[in-house]
Structure formats: structure tokens, C-alpha cells
Amino acid sequence: MSENDKSVVRGLRDVAAAETKLSYVDPNGALYYLGYNIDDLVGRVIYAEIAYLLIHKKLPNQQELDELSSQLIVEMNLPDPIILSIKNSPKNCHPIDILRTEVSHLGEYDPDIGDFSKAANYRRATRLVAQVPAIVAAINRVRQNKPVLAPRSEFGFAKNFLYMFKGDVPDDTEASVIHRFMTLHADHGFNASTFAARVTASTNSDIYSAVTSAIGTLKGPLHGGASEKVMDMLDDIDLEKDINEYIQGLLDEKKKIMGFGHRMYKAQDPRTKHLRGIVEEFLHRERSLTLYNRCIQIENAVFEKKKIYPNVDFYAAVTMDALGVTKEFFPLFFASSRISGWVAHVIEQYEDAVLLRPSSEYVGEFGKEFIPIAER
Ligand code: COA
């Protein structure tokens, strides 16, 4: 197609912008990481194995996993200026804004500064997998006026994340849930934030800039911000309200139901059943049971009216609530998991070495007469 003979693909729907070996989103309702169906991974791997799989394109052996896990825990100790900057951030901004800023800030303290070798990029990628959750944990602690915690060597990486975030030692169920949650959120094809990271990397910009772009893109309610909006909806529904009427009201106002629909899946999102299953492990708790019952009713109502299914964010919201995460931190837990996918895609993009730069169809005017400012 020549430059003058192009047609707009609105929203880039179904456009394959590059090749990837990292993950495959099957529209019929399956998700593969490096060829492994996530149904065969969830609950059978720890999250660090998935981070290794995405970055190194193979599952680690025990020694490789042990090395990575120890390295991740060491890297969870953030540079002091980052912690100071978190402490100085305004109390009324959304925590994802602080995360976005501090990832950008980390670039200034990169121990490999000026080294653009492949080995340095692998080191940066590994560091970011550890530093993003560590920043998220630190933001939460500072917001609660509590001390920022250092990782504990006797805990694994994902358990440390939850411990450093909350300050309590996670029990066995919570530790198992955080591994499954992070595994399920680690990668998802060319989703908007990953694509943003790849566009930035495609100019040969650095990995911190790419991840900063990704976080800014994830923030929106049509992407990683959706789970927080799901909780807003669940909070908004009181027991007096008829859920069918509530959903119909939103649809009548042409509002999107948060946590429903997906660009890629024509069938159920394969992650939903795992997250719904996790929530079912917490049904002995009154709050989780109440939220779960609302979710089931909403799921039925939305399917009846629109024939669309819940996406990853719907039950992720109740999962994070059960872990004791407040809703403004939901997108940050998403980022803390998706960071492994982002850095893996950035490395893959560097290897592809092609500038991602689409064209556009100009629909403006031509030949307008210039009028000097004094005459306008
Ligand atoms: N609530 C109500 N209707 C929805 C919907 C939702 N959450 N998601 C899609 N639809 C409907 C649209 O209204 C449209 O219906 P129509 O053809 O009758 O007009 C149709 O389904 C296609 O929707 P569209 O917005 O074109 O799909 P998309 O591929 O551009 O958007 C999402 C995908 C994810 C952005 C969209 O489903 C959405 O906004 N969901 C809510 C936000 C969310 O949960 N995001 C997290 C995604 S993992």
C-alpha cells in the first residue's frame, strides 16, 4: 500500500505491529506464555519463575531460580533518594502518579548508566522487576505514616512484596494467592501499556523511559485502572439496590461496565476463572462473601443484557481486596506484576530493531491563507 493509499484501522484493531515470542492471546479464551498455557502454570510455579521465563525465554532450573530470587530480594532495597522522593510526594495525588515518577527517577540512579550492552539491559530488567513492587510497597507505607520496610531474606520475592506493602507476615494462603495473582498479570500480548513500552524502546530509548510510558498507559480506566473502578461499582451497590436495575441504569446512560469486555477475547478471559477461584478461597470472610455475591449477580446481569464476559480486572479487584490492598493501589499491583512482561517486551523490541511509527490519515485542510498576528 503506498503512502497515499492508506486506510485508517481505528484503534489499530487486529493490526499486528511486530512479531513476539513472549505471549499469545488466543481469542477463543486461552493465554500462553512462551508456549505454556497459563492453566498449566498457575498454582504450579512461583512468580519469579514466570519473570525468569519472560526475560530469558525459558523456565529456570532450580539453581537459576534460586539465583534470581536472591537477586530480586537484594534489589528490593531502593536507593535512598527514591524513598525520600516518595516521602516528599503530595499526599493527595494518586499513588500510580508517584510510581510513574519514581520509575523515571530510578533511571538517574542506574548503576549501569551509559552502558547499553545486552548484559546491562538484562541487569536493568531484573532490577526493575524487583524495584517496581518495592516502590509500590514504600508508597503504601509512607501514605500510612509507617516506616518503609526492608525485604526479609527468609521470605521469597512475592511474599516479601506483600510483607513490605502491609507490614504483616502473609499467611500461607495469602502467599500462594500473590504468586498466582502476579503470574496471571505478568504478560498479555500487545496490550496498550506493553505497546507503549515497545514504541518507546523502538527509538532505542532506555528501559526506564519505556516502563514510564507503560505505567502512564496502564493508568487509564480502560486498561489497568479498571479494577479500581470495579471496586467503586461494588462499593456503590448497596444491598437495597436491585443489581439488574443498577446495571441497566449504567447501560441506559451508555456507560461501560468496568471489568467487562475485552479487545481480544471473543470467549471468556482465561484468567477470570482462576481469579474467581481465588476469591472463592476467601468466602469464609464476610466481606469477601458479600463482594463475591455482588460479582456473581453483576456477571449474570451483564451477560444477560450485553452477552459480554468479565475480564481479568473484575475478580482481580475482589482478590486484591481480600489481600488487604486498598482500591487506589489496585493498578499498582497490576504494574508490579506486568513489569516482568514490559521489560521482556522491551528487550525483544531492542532485538527486533525497528522503529514503531505508524502513519495517519490527514483529514484537515490545505491551502489556507496565512494571516499575520496583528490582522487576526
Ligand atoms: N460495558 C458495556 N458494554 C461494553 C463493554 C462494557 N464494559 N465493553 C464492550 N462493550 C460493548 C460496547 O458498547 C460495544 O457495543 P456496541 O457494538 O453495541 O456499541 C461492543 O461491546 C464493543 O465494544 P468496544 O468498546 O468497541 O470494544 P473495544 O475492543 O474497543 O474495547 C475495552 C475493549 C476493554 C476497552 C472495553 O470492553 C471496555 O471499555 N471495558 C471496560 C473497561 C475495562 O474493564 N478495561 C479492562 C480491560 S482488560
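Residues numbered from 1 in each chain as written. Predicted model: local features only at pLDDT ≥ 70, side-chain atom pairs only at ≥ 80, totals over all residues. Heavy atoms only, no water.

### Some details on the overall build of the protein
And step 1. Each helix and strand counted, the protein has 16 helices and three strands in total.
And step 2. On C-alpha atoms alone, the protein measures out to a radius of gyration of 22 Å, which is about the 21 Å that the 2.2 N^0.38 rule sets for 376 residues.
And step 3. Viewed in the frame of its principal axes, the protein has a C-alpha envelope of about 70 × 55 × 50 Å.
And step 4. Within the protein, the proportion of its 376 residues that are buried is 51%. (Helix = DSSP H or I, 4+ residues; strand = E, 2+ residues; numbered from the N terminus. Rg over C-alpha atoms; globule rule 2.2 N^0.38 Å. Buried < 20%, exposed > 50% of the residue type's maximum accessible area, 1.4 Å probe, protein only.)

### Structural notes on the pairing of strand β1 (residues 23–26)
Taken residue by residue, a regular strand's side chains alternate between the two faces of the sheet.
And step 1. Note: β1 against strand β2 (residues 30–33), four bridges, orientation antiparallel. By the bridge assignment for β2, Ser23 is matched with Tyr33.
And step 2. Connecting the antiparallel pair β1 and β2 is a turn made up of three residues, with Gly29 showing a positive phi of about 105°. (Pairing = 2+ DSSP bridges.)

### Describing a nonpolar patch on the surface
And step 1. Together, Val9, Leu12 and Val15 make up an exposed nonpolar region whose accessible area comes to about 220 Å².
And step 2. Structurally, Val15 can be placed in the segment before β1. (Patch = residues over 30% accessible without salt bridge, like charges linked within 9 Å, V, L, I, M, F, W, Y side chains within 5 Å. Areas by Shrake-Rupley, 256 points an atom, 1.4 Å probe, with all protein chains shown as cover. Salt bridge = Lys/Arg side-chain N within 4 Å of Asp/Glu carboxyl O.)

### Let's talk about the sheet that holds β1
And step 1. Pairing is antiparallel across the open sheet formed by three strands, whose spatial order is β1-β2-β3. In this open sheet, the two edge strands, each paired with only one partner strand, are β1 and β3 (36–37).

### Details of the site of the ligand
And step 1. Close to the ligand lie 18 residues, the nearest being Lys256, Ile257, Gly259, Phe260 and Arg263.
And step 2. A distance of 3.1 Å is found between a nitrogen atom of the ligand and a backbone nitrogen or oxygen belonging to Leu222.
And step 3. For the ligand, an oxygen atom lies 2.9 Å from a polar atom in the side chain of Asn311.
And step 4. For the ligand, whose free accessible area comes to 850 Å², the fraction covered by protein is 67%.
And step 5. Among the residues forming the shell around the ligand, the class breakdown is eight nonpolar, five polar and five charged. (Near = heavy atom within 4 Å. Polar contact = N/O pair within 3.5 Å; in protein donor to acceptor, adjacent residues only side chain to side chain. Nonpolar A, V, L, I, M, F, W, Y, C, P; charged D, E, K, R; others polar.)

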